[in-house]
Amino acid sequence: MEKQTPTFENFLNDVNPVNRPFVEAMHAYLLANGCTVKLELAKSGYVVSYVHAATKRVLVNYVFRKQGIVIRIYADTVDQYATFLQTLPDALRQTTATAPVCMRMLDRSQLKP
């Protein structure tokens, strides 16, 4: 039996309906800004990565955990999208601000070279 390739729609069906508008908006934003999407199926659910075409680096990915979906924003290029980070919902920014590594994205004085 041939393994079925996951689609963005498959992934979106597994996202909590409360979070879907944000995920869809982020998807559209990243595609419009030169990213391609790569979907994989892992034990805990989908892993969705957005790779920037120019740098070939992953900027963002979604993973499923027991507590729900997690978004990872890789900070090595934070200067390029610092303004975008300020547009994230307050709850997401608050969670980011308390995460040991991620809080550096919101408080740029904590960034390490």
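Overview of the structure. (Residues numbered from 1 in each chain as written. Predicted model: local features only at pLDDT ≥ 70, side-chain atom pairs only at ≥ 80, totals over all residues. Heavy atoms only, no water.)

### A look at the overall build of the protein chain
Counting its regular elements, the protein chain contains five helices and four strands. When the elements of the protein chain are put in sequence order from the N terminus, they spell out α-α-β-β-β-β-α-α-α. Across the protein chain, every contact between residues at least 6 apart in sequence was considered, and the portion connecting residues at least 24 apart equals 28%. (Helix = DSSP H or I, 4+ residues; strand = E, 2+ residues; numbered from the N terminus. Contact = heavy atoms within 4.5 Å.)

### Observations concerning the pattern of salt bridges
Taken as a whole and assessed by the stated rule, the structure comprises one salt bridge. With a shortest N-O distance of 3.2 Å, Lys38 and Glu40 are connected by a salt bridge. Its relative accessible area of 37% is what places Glu40 among the partly exposed residues. (Salt bridge = Lys/Arg side-chain N within 4 Å of Asp/Glu carboxyl O. Buried < 20%, exposed > 50% of the residue type's maximum accessible area, 1.4 Å probe, protein only.)

### Overview of unusual backbone geometry
Phi at Lys56 takes a positive value of approximately 60°, unusual for a residue other than glycine. Position of Lys56 relative to the elements: it lies in the loop between β2 (45–52) and β3 (58–65). Of the residues examined, Lys56 reaches a relative accessible area of 65% and is grouped as exposed.

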